[in-house]
Amino acid sequence: MSNKMWGGRFASGPDAVMEEINSSIEFDRHLYRQDIAASKAHAAMLAKQGIIAREDAKKIAHGLDTILSEIESDKFDFKRVLEDIHMNVEGRLAELIGSSAGRLHTARSRNDQVATDFKLWIREAIDTLDGVLAVYQRALAEKALAHAGTVMPGFTHLQSAQPVTFGHHLLAYVEMAARDRGRFADARARLNESPLGAGALAGTSFALDRNMTAKELGFARPTANSLDAVSDRDFVLETLSAAAICAIHLSRFAEEIVLWCSPLSGLIALSDKFTTGSSMMPQKRNPDAAELVRAKTGRIVGALNALLMVMKGLPLAYQKDMQEDKHGAIDALGALSLCIAAMTGMVGDMTPNEARMKEMAGAGYATATDLADWLVRTLKMPFREAHHITGRIVAAAEKAGAALDKLPLVAMQAVEPRITKDVYAVLPVDRSVASRVSFGGTAPKNVRAQAKRWLKKLGKEGA
Ligand code: ARG
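Definitions and limits used
- Residues numbered from 1 in each chain as written.
- Predicted model: local features only at pLDDT ≥ 70, side-chain atom pairs only at ≥ 80, totals over all residues.
- Heavy atoms only, no water.
- Helix = DSSP H or I, 4+ residues; strand = E, 2+ residues; numbered from the N terminus.
- Rg over C-alpha atoms; globule rule 2.2 N^0.38 Å.
- Buried < 20%, exposed > 50% of the residue type's maximum accessible area, 1.4 Å probe, protein only.
- Areas by Shrake-Rupley, 256 points an atom, 1.4 Å probe, with all protein chains shown as cover.
- Lys, Arg positive; Asp, Glu negative; His and termini not counted.
- Charge placed at Lys NZ, Arg CZ, Asp CG, Glu CD.
- Expected span 1.5 Å × (residues − 1).
- Contact = heavy atoms within 4.5 Å.
- Near = heavy atom within 4 Å.
- Polar contact = N/O pair within 3.5 Å; in protein donor to acceptor, adjacent residues only side chain to side chain.
- Nonpolar A, V, L, I, M, F, W, Y, C, P; charged D, E, K, R; others polar.
- Salt bridge = Lys/Arg side-chain N within 4 Å of Asp/Glu carboxyl O.
- Phe/Tyr/Trp six-rings, centres within 6.5 Å; stacked < 30°, edge-to-face > 60°.
- Lys NZ or Arg CZ within 6 Å of the ring centre and 35° of its normal.
- Core = buried A, V, L, I, M, F, W, Y, C linked by side-chain atoms within 4.5 Å.
- Pairing = 2+ DSSP bridges.

Engineer: What should I look at first to understand the overall build of the chain in this one?
Structural biologist: When helices and strands are counted, the chain shows 18 helices and six strands. Taken over C-alpha atoms, the radius of gyration comes to 30 Å for the chain, far larger than the 23 Å a tight globule of 463 residues would show. Overall size of the chain, expressed as C-alpha extent along the three principal axes, is 100 × 50 × 40 Å. Burial statistics for the chain: of 463 residues in total, 48% are counted as buried. Accessible surface for the chain amounts to roughly 22,300 Å². Of this, 55% is attributable to carbon and sulfur atoms. The chain carries 58 positive and 54 negative side-chain charges, and their two centres are separated by 6 Å.

Engineer: Would you mind going over helix α15 (residues 383-400) with me for this structure?
Structural biologist: Think of an α-helix as 3.6 residues a turn; residues three or four steps apart then line up on the same face. Between its first and last C-alpha, α15 extends 25 Å over 18 residues, near the 26 Å set by a 1.5 Å rise per residue. On the buried face of α15, the contacting elements are α14 (368-379) and α16 (409-415). Gly-401 sits one or two positions beyond α15 and adopts a positive phi of about 65°.

Engineer: So what exactly am I meant to see when it comes to the site of the ligand here?
Structural biologist: Every residue lining the ligand is accounted for by Ser-24, Asp-28, Asp-84, His-86, Arg-110, Asn-111, Val-114, Tyr-318, Lys-320, Gln-323 and Lys-326. Within the side chain of Ser-24, an N or O atom sits 3.4 Å from a nitrogen atom of the ligand. Take Tyr-318: an N or O atom from its side chain is 2.4 Å from an oxygen atom of the ligand. Here the shell around the ligand gets three residues from one element, more than from any other, and that element is helix α6 (residues 110-146). Looking at the shell around the ligand, its residues break down into two nonpolar, four polar and five charged.

Engineer: When you look at the pattern of salt bridges in this model, what are you seeing that I'm missing?
Structural biologist: A complete count under the given rule lists 27 salt bridges for this structure. A salt bridge links Arg-188 to Asp-127, with the nearest nitrogen and oxygen atoms 2.8 Å apart. Of the two residues, Arg-188 is situated in helix α7 (residues 166-191) and Asp-127 in helix α6; the sequence distance between them amounts to 61 residues. In this structure Asp-127 comes out as partly exposed when scored by relative accessible area, which is 38%.

Engineer: Teacher, can you tell me more about the side chain of Asn-446 here?
Structural biologist: Summarising the element assignment, Asn-446 is placed in helix α18 (residues 444-461). Assessed through its relative accessible area of 13%, Asn-446 is described here as buried. Leave out the neighbours within four places in its chain, and Asn-446 touches Arg-436, Val-437, Ser-438, Gly-440 and Gly-441.

Engineer: What's the story with the side chain of Arg-233 in this structure? I'm lost.
Structural biologist: Relative to the helices and strands, Arg-233 is located in the loop between α9 (226-231) and α10 (234-261). Its relative accessible area of 1% is what places Arg-233 among the buried residues. Looking at Arg-233, its side chain comes within polar contact range of the side chain of Asp-325, at 2.7 Å. Apart from residues no more than four positions distant in its own chain, Arg-233 is found in contact with Val-114, Ala-115, Met-311, Tyr-318, Met-322 and Asp-325.

Engineer: I'm lost on the packing of aromatic side chains in this one. Help?
Structural biologist: We describe a pair of aromatic rings using the distance from one ring centre to the other and the angle between the two ring planes. For the structure on display, the rule yields seven aromatic pairs. Considering the side-chain rings of Trp-6 and Phe-10, the 5.0 Å spacing of their centres and the 65° angle between planes classify their relative orientation as edge-to-face. Arg-453 extends its terminal NZ or CZ atom over the ring of Trp-454, reaching a point 4.9 Å from the ring centre.

Engineer: I tried to follow the nonpolar core on my own but got confused; where do I start?
Structural biologist: As a rule of thumb, nonpolar side chains are buried together in soluble globular proteins. Among the nonpolar cores identified, the biggest contains 96 residues, and Tyr-136, Phe-253 and Leu-336 are the most heavily contacted of them. Looking at which element gives the most residues to this core, the answer is α10, with 15 residues. Filtering out sequence-adjacent residues up to four positions away, Leu-336 remains in contact with Leu-129, Phe-184, Ala-243, Cys-246, Ala-247, Leu-250 and Ile-300. Core analysis: the next-biggest nonpolar cluster, separate from the first, contains 20 residues, Trp-374, Ile-389, Ala-402 and Leu-407 among them.

Engineer: Explain the pairing of strand β1 (residues 151-156) here, please?
Structural biologist: For a regular strand, the rule is simple: side chains alternate between the two faces of the sheet. Here β1 pairs with strand β2 (residues 159-165) via six bridges, running antiparallel. Of the residues in β2, the one forming a bridge with Gly-154 is Gln-162.

Just geometry here; none of it tells us what the structure is for.
Structural data, given as structure tokens:
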């Protein structure tokens, strides 16, 4: 039997494999709420414009409400032969209300329909992500405030660099998440134009009120070019690229958590809530959630790459290739949301090993810069010279097997005779971090102020 929706010129139905490759219902069924909302807005507009009878529009709206509750109560029979969510809904509508259902598709195509539905879906996904990112930021800022003065080793090249505070390190991720939220907000603002009414590609001869449907669906305005409206998937690409960058940020933090939990550093501990055991080795406690956040980045970035490849070289206007936009995007944005929730959980759960952090913060001559700065400040030495002299003192300390603050004054004076015992005041790690008061620096006082600023801002957002 040929297709009821478009099979007029077809004598028979599709081959089984044709049906399989053509169908998208398995993943675009996620769009049922958006599809029904857009159809209701379209029907109401058609009636207001006198294109269909009010009586028909009423029946359509009631039928669509019934379908919504059928789907939500798991009573809807999704059919692969009806290809996608649009025809599944319309097919069921015909069963429920008869011939009036056939009037819904006046001045509409699945091409403008799918673009509208997916924009609505993506917009909602962005709003959800923004909410979970705000919760993540708050968890970070709270932990940062609690550990504004907790000294930890700061690394560059994964080598001891300078002591920092744990709170400062956590606030770095708050900043990243803020930029992520900014990127999502930008994508949301740009996507918010309604494609509905663009038709298949050329617009329509019916006197539509596209402003009315745009407004009803929360769009800022209708799209201005019908060809662009049905062939644009920038909104998915932009959202996925924001998601990819966000996932990259999470993967960096996840990697740090894995490193911090390892006995190689032992900087933090995660509780039973965010670790798992091994089936063979009874002693194990593995940071699986962090590892999975790190790994899911692959799927999220992969979805962006996949859609970029789908869109590359596609001529105007709609091409069926574009049906491949949903699978990866729906999967990726769901995975990202889960990753953010897992990171939020781990931030709350983690306990820093403060003694270990402090010990490691001082290892590797991490306050050598403080010594060089002391030479600049006290002996008025040019920094380059101070750097060189400090390097020689570090070499002497290394040879003596002593930490910088344990190196006898005479050993330092052997390199630079003008050094006095006052130098020891700047060498302890707490003194080092306390001195980093430049704006954006790691001093506990700065960190406390920044953490409070974020908590206030996030509290005001009410997210
Ligand atoms: N399922 C399709 C998609 O997701 C809907 C649009 C189909 N349009 C068409 N002319 N076949 O892209």
